[in-house]
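Working through the structure, step by step
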Amino acid sequence: MKKPTAVTALLAGARLTNATLNCSTEAFQKIVPANASVVLVKRVADNGTFTPPAADTGFPDPAYQLPALCAVQIEMPTDANTTFNFGLFLPDTWKGRMVVSGNSAFSGGVNYAEMGAGVTYGAVAMSTDTGHDSAFDNSWAENPESIVDWGWRAMHLSVVEAKKVIAAYYGKPLDYSYYNGCSTGGRQGLKEIEAFPDDFDGAVVGAPAWWTTHLQLFNIYAAEYNLPENSTHHISSDLFEFIANETLKQCDPQDGVKDNIISDPRRCNLNLESMLCPANATTSDSNTCLTDAQLDTLYHYYNDWVEANQTFIFPHYEIGSETGWGQTPDFSYIEYFLQQGTNFTWADWNPSLVKLSDAMNPGNATADNFDLSPFYNRGSKLIHYHGLADPSIPTGSSVYFYKQVQRTLQSKGIDLDDFYKFYLIPGMEHCGSTPSNMEAPWYIGGSSQASTIGSDGSGNHLHERKGFNDGNHDALLAMIGWVENGTVPDYLVATKFHDEDELDYVVKQRPVCPWPKQAMYIGNGSLWEADSWECERLY
């Protein structure tokens, strides 16, 4: 692999005086529309901490080690008689950028912790509460217009209004706008570039929950594979760990290198029947082998969801993600978004819910406009990644999205490689981390990773450390370099630290190649150094 080039200059900015930047409620009230409210304004000193308001229950974590900045939160109404909030970190040292952070699941609240990462890229950081504030209570979705806010409206209007505030605060408009989100945040990013291609110059999208109408039902459908818990086909969490270890044992060597990682689960010839209990098995073997009924349950997890007449509904989980299976189903989507009431149980499941979900398309949240040509035509860029061990959103949904975009744009003569880089990360779970039986390198500077790694939020500044301050080791820096300098991200380097709380030292690194290339060992050198691998196209 070629050596990374530091892009420290990308993080530098012009210092503006406090006399230039009026960080006061009165000043912002003059900037925002008359029907908007300035909820808070606070100066934060260099290396300071910002603690979200108590009402921000969806994202209560503080933002640490911030540069000197002005924090502001603004509430605005919509034409649908709803309201939304957005927060801004406006740094004294500004490089003319805006970085917008996404949300997660159905949670509502301004994501200040992620903004704390975004502001350190020489950027104004922004996040929206998507029109509601909650962590686990989804009763807000009883109002269909609130679902529209969550689906797309609050994000788009927040971006539009934030740009106006930035221009007024600094006395000049921003130069570049970027998006950075994972999971629901990934869906928000794809919805933005599809419906409002002028909002962003670049988007970094991880494990996107883009197919709302099918994904939310799949999460319930898959959980029901393993119900009821007192049935003969139920698989316990301990047994799922056994299954994970067995699949790793079988699939690890099949990718050509035995390294305790399943690099390409789609190429593994997995023999599930080898896990069957022998005829003389006793109850003490219940966590070390599978009964015939349990094997039937396992078949479901490894196969796509297909209904009558071979109608494809959603892809299966990948081999290697087993430790996250068997979750209790959450019926919020059916109860509130599909308006089926709060007495729904697993026994009430029926396939007609798929047709209902498609017909209602709550909030028009699904990001399934695969014609990204307007985004491409304005010169914007997309980086899309997904962990191959994701137990929350099957990796295949991202593969499906990429291929649908490819089919749509190929007829228009557009080469996806010119603006769209797609990375599958071996051994990475949902947005970050890795199964304990793999311990694969996974950190790429993606959304939410800064708040996952480092015990005190110090991961927010990992991209400023030597060895990580370049576009090969940080996905957002890769996007900035691609948009502003034309530096194409040929690969990303995934990292595993010895202690992911202290970030003491690196133990594993490996390149992650853009689809359809894969990292292949060159035959010599350490398996855990990026230079020992090359990106090759296998098909």
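Residues numbered from 1 in each chain as written. Predicted model: local features only at pLDDT ≥ 70, side-chain atom pairs only at ≥ 80, totals over all residues. Heavy atoms only, no water.

Quick reminder of the rule: UniProt positions are given in the numbering used here, feature names are shortened, and annotations may be inferred rather than shown by experiment.
By the naming in an unreviewed UniProt entry, the protein chain is Carboxylic ester hydrolase, taken from Aspergillus tubingensis. Taken directly from UniProt, the Sequence similarities (unreviewed entry) text for the protein chain runs: "Belongs to the tannase family."

1. Quick notes on the overall build of the protein chain
Counted only if it meets this: Numbering of helices and strands starts at the N terminus; helices are DSSP runs of H or I of at least 4 residues and strands are runs of E of at least 2. Radius of gyration means the value over C-alpha atoms here, while the globule rule gives 2.2 Å times the residue count to the 0.38 power. Three exposure classes are used, based on accessible area relative to the maximum for each residue type with a 1.4 Å probe and protein chains only: buried under 20%, partly exposed in between, and exposed over 50%. Note on contacts: a residue pair qualifies if any of its non-hydrogen atoms lie within 4.5 Å across the two residues. Method for areas: the Shrake-Rupley scheme with a 1.4 Å probe, in which residue coverage is limited to the protein chains shown. Note that His is not counted, nor are the chain ends; the positive residues are Lys and Arg, and the negative ones are Asp and Glu. Every charge is mapped to an atom, namely NZ of Lys, CZ of Arg, CG of Asp or CD of Glu.
When its secondary structure is counted, the protein chain shows 13 helices and 19 strands. A compact globule built from 539 residues should have a C-alpha radius of gyration of about 24 Å, and the protein chain, at 23 Å, falls within 12% of that. Burial analysis of the protein chain (539 residues in total) assigns 58% to the buried set. For the protein chain, contacts bridging at least 24 residues in sequence account for 68% of all contacts bridging at least 6. Counting only carbon and sulfur atoms, one obtains 47% of the accessible surface of the protein chain, whose full area is about 21200 Å². Of the charged side chains in the protein chain, 32 are positive and 65 negative, and the gap between their average positions amounts to 10 Å.

2. Details of the domain arrangement of the protein chain
Keep this limit in mind: Where each domain begins and ends follows an automated or database-derived domain assignment. Throughout, the accessible surface (probe 1.4 Å) given up by two parts as they are put together, summed over both, is called the buried area. A pair is scored as a salt bridge if a Lys or Arg side-chain nitrogen falls within 4 Å of a carboxyl oxygen belonging to Asp or Glu. When residues are grouped by polarity, Ala, Val, Leu, Ile, Met, Phe, Trp, Tyr, Cys and Pro land in nonpolar, Asp, Glu, Lys and Arg in charged, and all others, Gly among them, in polar.
The domain boundaries assigned to the protein chain delineate domain 1 (25–213 + 364–536) and domain 2 (215–362). Computed over C-alpha atoms, the centres of domain 1 and domain 2 are 29 Å apart. Here domain 1 packs against domain 2, burying approximately 3400 Å² in sum over the two surfaces, 61% of which is carbon and sulfur. Between R510 and D259 there is a salt bridge whose closest N-O contact spans 2.5 Å. Contributions of two or more residues to the side of domain 1 that touches domain 2 are made by α3 (144–170), α5 (212–224), α11 (396–410) and β18 (517–521). Looking at the side of domain 1 that touches domain 2, the element that brings in the most residues is α11, giving four residues. Counted by class, the side of domain 1 that touches domain 2 contains 25 nonpolar, 13 polar and four charged residues.

3. Remarks on the state of the cysteines
By definition, a disulfide links the sulfur atoms of two cysteine residues through a covalent bond. As a reminder, the rule being used: To count as a disulfide, a pair of cysteine sulfur atoms needs to be within 2.5 Å.
Under the definition given, this model contains five disulfides. With a sulfur-sulfur separation of 1.9 Å, C277 is cross-linked through a disulfide to C289. With the S-S dihedral at roughly 90°, the linkage between C277 and C289 falls on the right-handed side. Residue C277 is found in the loop between α6 (237–251) and α7 (292–301), and its partner C289 is found in the loop between α6 and α7; the two are separated by 12 residues along the sequence. Residue C289 is classed as buried on the basis of its relative accessible area, which comes to 5%. Each sulfur in the disulfide pair C513 and C535 lies 2.1 Å from the other. Residues C513 and C535 are joined by a disulfide whose S-S torsion is about -85°; by sign, that bridge is left-handed. Pair noted here: C513 is in the loop between β17 (506–512) and β18 and C535 is in strand β19 (residues 533–537), with a separation of 22 residues, a long-range link. Indicated for the protein chain is the disulfide connectivity 1-2, 3-8, 4-5, 6-7, 9-10, based on numbering the bonded cysteines in sequence order.

4. What about the sheet that holds strand β14 (residues 381–387)?
Formally: Here a strand pair is declared whenever DSSP counts at least two bridges between the two strands. Only the stretch in contact is used when fitting a helix axis, every axis being a line fitted to C-alpha atoms; angles between N-to-C directions are given from 0 to 180 degrees.
Strand order in the open sheet formed by nine strands is β2-β5-β6-β9-β8-β10-β11-β14-β15, with mixed pairing between adjacent strands. With partners counted over all chains shown, the strands left at the sheet margins are β2 (37–44) and β15 (420–425), one partner each. Between one strand axis and the next, the sheet turns through 15° on average, direction left out of account. The strands touched by α3 are β2, β5 (69–77), β6 (83–91), β8 (97–101), β9 (123–128) and β10 (176–182); relative to β6, the strand with the most contacts, the crossing angle is about 40°.

5. Considering α5
This is how the line gets drawn: Expected span of a helix: the number of residues minus one, times 1.5 Å.
With 13 residues, α5 should cover 18 Å at 1.5 Å per step; its first-to-last C-alpha distance of 19 Å lies within 8% of that length. Summarising burial for α5: 12 of the 13 residues are buried, a large majority. Listed in full, the buried residues belonging to α5 are T212, T213, H214, L215, Q216, L217, F218, I220, Y221, A222, A223 and E224.

6. Brief notes about the environment of L270
Following the sequence through the fold, L270 ends up in the loop between α6 and α7. What makes L270 buried here is its relative accessible area of 17%. Sequence-wise, L270 and E429 are 159 residues apart; in three dimensions their C-alpha atoms are separated by 20 Å. Ignoring sequence-local partners within four residues, the contact set of L270 consists of T247, Q250, C251, M275, Y302 and I319.

7. Details of the environment of R266
Our working rule: Two N or O atoms form a polar contact when they lie within 3.5 Å of each other; inside protein one atom must be a possible hydrogen donor and the other a possible acceptor, and for residues adjacent in sequence the pair counts only when both atoms belong to side chains.
With respect to the secondary-structure elements, R266 resides in the loop between α6 and α7. Considering only alpha carbons, one finds R266 and D129, 137 residues apart in sequence, at a separation of 37 Å. In contact with R266, not counting residues within four places along its chain, are E318, G396 and V399. Side chain to side chain, R266 and E318 meet in a polar contact 2.9 Å long.

8. Section: the side chain of T247
Here T247 shows up in helix α6. Of note is the side chain of T247, whose polar atom sits 3.3 Å from the side chain of E322. Aside from chain neighbours lying at most four places away, what touches T247 is D252, I262, L270, M275, Y302, I319, G320 and E322.

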